[in-house]
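Each chain, letter by letter, is given below.
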Amino acid sequence: MTKTMTKHGNSYAVVIDRTMMDLMGITEKTPLDLSLKGDELVIRPIRDGHRRTSVMQAYAHVSRKHAAFLKRLA
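Residues numbered from 1 in each chain as written. Predicted model: local features only at pLDDT ≥ 70, side-chain atom pairs only at ≥ 80, totals over all residues. Heavy atoms only, no water.

J.: I would appreciate a short explanation of the environment of T30 in the present structure.
T.: Looking at where T30 falls in the secondary structure, it is placed in the loop between α1 (18-24) and β3 (32-37). Counting along the chain gives 12 residues from T30 to V42, while the straight-line C-alpha distance between them is 15 Å. A distance of 2.9 Å separates the side chain of T30 from the backbone nitrogen of T27, its partner in a polar contact. (Helix = DSSP H or I, 4+ residues; strand = E, 2+ residues; numbered from the N terminus. Polar contact = N/O pair within 3.5 Å; in protein donor to acceptor, adjacent residues only side chain to side chain.)

What follows is the structure in structure tokens.
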């Protein structure tokens, strides 16, 4: 995909299409890590470890609360 930069105040911006954002699993609020690898600009989402922890806690809670039902379902 070829992109050009757009003037944004005193800086320049590269616009990321919605399709690309969906593929990366990011939103406009996702913090991004920008780094250089030689002459390449690498953009990576910063994954929040807290989010994973909260999902795992919710899973554990549901598993405990509905253990009998899940056992019959299996």
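Right, picking up where we left off after that structure.
J.: Explain the pattern of salt bridges here, please?
T.: A side chain with one charge can pair with a side chain of the opposite charge if their charged atoms come near. Within this structure, the stated rule accounts for 2 salt bridges. As a salt-bridge pair, K3 and D17 come within 3.0 Å of each other at their nearest N and O atoms. On the criterion of sequence distance, the pair formed by K3 in the segment before β1 (6-8) and D17 in the loop between β2 (11-13) and α1 is long-range, its members being 14 residues apart. The class for D17 is partly exposed, based on a relative accessible area of 32%. Where R18 meets E28, a salt bridge forms, and the shortest distance between an N and an O atom there is 4.0 Å. Here the residue R18 occupies a position in helix α1, and E28 occupies one in the loop between α1 and β3, the gap between them amounting to 10 residues. (Salt bridge = Lys/Arg side-chain N within 4 Å of Asp/Glu carboxyl O. Buried < 20%, exposed > 50% of the residue type's maximum accessible area, 1.4 Å probe, protein only.)

J.: Explanation requested: the pairing of β3 in the structure shown.
T.: A regular strand places its side chains so that they alternate between the two faces of the sheet. Counting buried positions over the 6 residues of β3 gives 0, only a small fraction of the element. Note: β3 against strand β4 (residues 40-45), 6 bridges, orientation antiparallel. Bridge assignment links L36 to a residue of β4, and that residue is L41. (Pairing = 2+ DSSP bridges.)

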